[in-house]
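Residues per chain, in single letters:
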Amino acid sequence: MKEKILEVKNLEVSFKTYAGISHAVRGIDFNLHKGETLAIVGESGCGKTVSSKAIMRLLPESNTIIGENSEVLFHGEDLLKKSENEMVSIRGSKISMIFQDPMTSLNPTMTIGKQIMESLIHRQISKEEAYKEALEMLQLVKIPNAEKRMKQYPFEFSGGMRQRAMIAIALACKPEILIADEPTTALDVTIQAQIMELIGELQKELDMAMILVTHDLGVVASVADKIQVMYAGKIVERGDVREIFYQSTHPYTRALLDSVPKIHSTNKETLYSLKGTPPDLINPPVGCSFAPRCEYGMNICRKKYPE
């Protein structure tokens, strides 16, 4: 067993809203080992991105409430108890993140080269060395004419190239953990495959652990070692790839799998669609959150949370 580098214990994240307190993440636990890929899957709004940003301490402090008993242990040190200055030295250099939408995450007023160089400040190297390393990162993520592209702005890049530039920024300091939040959103299928292949290659090269946040089970199948399925702020099922794809037991996991188009299906078949909507997390249910949408739901499910 490889070294455990991240341990999340009873993570609870709530937000103050005009309607009341919304309980976005409701007590989740997981571990991450060196070189391992953990996929967090679930539909939009289930708490995947909030969990990731809570690990990085990127949520706005003004309206975010973190549970008193929550812990995020990185090499045994609780990140939730660190000061902002201490977190600045960890973000990017030790734990890095690829954000969901590169167009809104990249600075439109700065060249791509400058943005990669900016992420190298943790290393305290000269401007010349930073330029050289930034150029190498662009070449590493397979952006053609890297020298010319260093001087260009985000609007001059295509969607796939912007995503590659985001990966270059995230990996510039060779972090121990990469959090990839929907890294293939809004990209066509062939570019998706290229991006995931590229991330996989760089992960092996740097012996890096990865948390992959996605709702696309097709992406997960070829990349992840472990999968955890989230619904309404809780982890409802976890296991390795084979267990989740072939021996899943939770009705929500099965519903997610059934909603993926099958290569052998005919045009006459209607693609499965999950009925109903997720619960209101301002007033979260006492029992199983999925019970109102579940075809196997019983009265006890609404009163008591199942193991």
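These figures come from a predicted structure and were not determined experimentally.

> Could you give an account of the pairing of strand β5 (residues 71–74), naming the residues involved and the relevant values?
Of the pairings in the sheet, the one linking strand β1 (residues 4–17) to β5 comprises 4 bridges and is antiparallel in character. Each residue of the ladder has a partner; that of E7, found in β5, is L73. As defined by bridge partners, β5 adjoins strand β6 (residues 77–78) across 2 bridges and the pair is classed as antiparallel. Its bridge partner being in β6, L73 is matched across the sheet by D78. Counting the residues between successive antiparallel strands, the hairpin from β5 to β6 contains 2 residues, one of them, H75, with a positive phi of roughly 50°.

> Give a detailed account of the pairing of β1, specifying residues and quantitative values.
Direction of pairing for β1 relative to strand β2 (residues 20–33): antiparallel, over a ladder of 11 bridges. The partner of T17 across the bridge, within β2, is G20. The hairpin turn running from β1 into β2, its antiparallel successor, is 2 residues long. Strand direction decides the pairing type here: β1 and strand β4 (residues 64–66), joined by 3 bridges, are antiparallel. Counterpart to F15 in the pairing with β4 is T64.

> Tell me about the nonpolar core, and please be specific about residues and values.
I98, I116, L138, V141, I167, L178 and I199 are the most contacted members of the largest nonpolar core, which has 38 residues in total. Put simply, the parts of the chain that give this core at least two residues each are α4 (112–118), α5 (127–140), α7 (159–171), β8 (177–181), α8 (189–206) and β9 (209–214). Broken down by element, this core gets its largest block of residues, 7 residues, from α7. Among all residues touching I199, those that are not within four sequence positions of it are I98, I167, L178, P183 and M210. Of all hydrophobic cores here, the second largest spans 34 residues; its members include F74, M87, I90 and I179.

> Please provide a residue-by-residue account of α8, values included.
The end-to-end C-alpha distance of α8 is 26 Å, a good match for the 26 Å that 18 residues give at a rise of 1.5 Å each. For α8, the full list of buried residues reads Q192, I195, M196, L198, I199, L202 and Q203. Projected down its long axis, α8 shows its buried positions confined to an angular sector of 160°, all on one face. Pointing more than 90 degrees away from the buried face of α8 are the exposed residues V189, T190, E197, K204 and E205.

> So, the sheet that holds strand β7 (residues 95–98): which residues are in play, and what are the values?
Pairing within the open sheet is mixed, and its 6 strands lie in the order β7-β8-β9-β3-β10-β11. Sheet topology places β7 and β11 (234–240) at the edges, where each strand pairs with a single neighbour. Neighbouring strand axes in the sheet, compared pairwise and without regard to direction, differ in orientation by 15° on average. Pairing of β7 with β8 involves 4 bridges; the strand directions are parallel. The partner of I95 across the bridge, within β8, is I177.

Calculation notes
Residues numbered from 1 in each chain as written. Predicted model: local features only at pLDDT ≥ 70, side-chain atom pairs only at ≥ 80, totals over all residues. Heavy atoms only, no water. Pairing = 2+ DSSP bridges. Helix = DSSP H or I, 4+ residues; strand = E, 2+ residues; numbered from the N terminus. Core = buried A, V, L, I, M, F, W, Y, C linked by side-chain atoms within 4.5 Å. Buried < 20%, exposed > 50% of the residue type's maximum accessible area, 1.4 Å probe, protein only. Contact = heavy atoms within 4.5 Å. Expected span 1.5 Å × (residues − 1). Arc of directions from axis to C-beta. Axes fitted to C-alpha atoms, helices over the stretch in contact; angles between N-to-C directions.

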